[in-house]
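Chain by chain, the residues run as shown.
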Amino acid sequence: APDNGPIQGRIGLARYLAGWTKEADSALLTAALLEPRNPEQLFRLAIYYRDTGRAAESAKLVERLLKLRPDSLAFKQFAAELKEPQTAVPPVPSR
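Now for a quick tour of the structure. (Residues numbered from 1 in each chain as written. Predicted model: local features only at pLDDT ≥ 70, side-chain atom pairs only at ≥ 80, totals over all residues. Heavy atoms only, no water.)

## Some remarks on helix H1 (residues 5–17)
The α-helix advances 3.6 residues per turn, and as a result positions three or four apart in sequence lie on the same side.
Then, in step 1: In this model H1 runs 18 Å from its N-terminal to its C-terminal C-alpha over 13 residues, within 8% of the 18 Å that 1.5 Å per residue would give.
Then, in step 2: Considered for burial, the residues of H1 that qualify are Gly5, Gln8, Gly9 and Gly12. One side of H1 holds all its buried residues, which, seen down the axis, span an arc of 100°. Away from the buried face of H1 by more than 90 degrees, exposed residues Arg10 and Leu17 are located.
Then, in step 3: On the buried face of H1, the contacting elements are helix H2 (21–34) and helix H3 (39–51).
Then, in step 4: Its side-chain oxygen at 3.1 Å from the backbone nitrogen of Ile7, Asn4 defines the N-terminal cap of H1.
Then, in step 5: Just downstream of H1, Gly19 is the residue with a positive phi angle, here 90°. (Helix = DSSP H or I, 4+ residues; strand = E, 2+ residues; numbered from the N terminus. Expected span 1.5 Å × (residues − 1). Buried < 20%, exposed > 50% of the residue type's maximum accessible area, 1.4 Å probe, protein only. Arc of directions from axis to C-beta. Contact = heavy atoms within 4.5 Å. Polar contact = N/O pair within 3.5 Å; in protein donor to acceptor, adjacent residues only side chain to side chain.)

Written out as structure tokens, the structure reads:
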């Protein structure tokens, strides 16, 4: 169902959790494009962007989320977390 936003969102989330980031990216972005005013789709994409090192893209989505749902504590907290300085995680040594 390539034209079904909710299904694409679920597929993207499942792929992300399975570690298939390229495929997750495509599905999550498709879901957000199909349903640009659906906070659930935008929030999934924002979390994915944050977790994959694209905080600036995530912050843009959070701005949209806060316009859609200005009273959402979850979105406000997420926005605050994005503004906190990130500490570098040392790379895992290869074996």
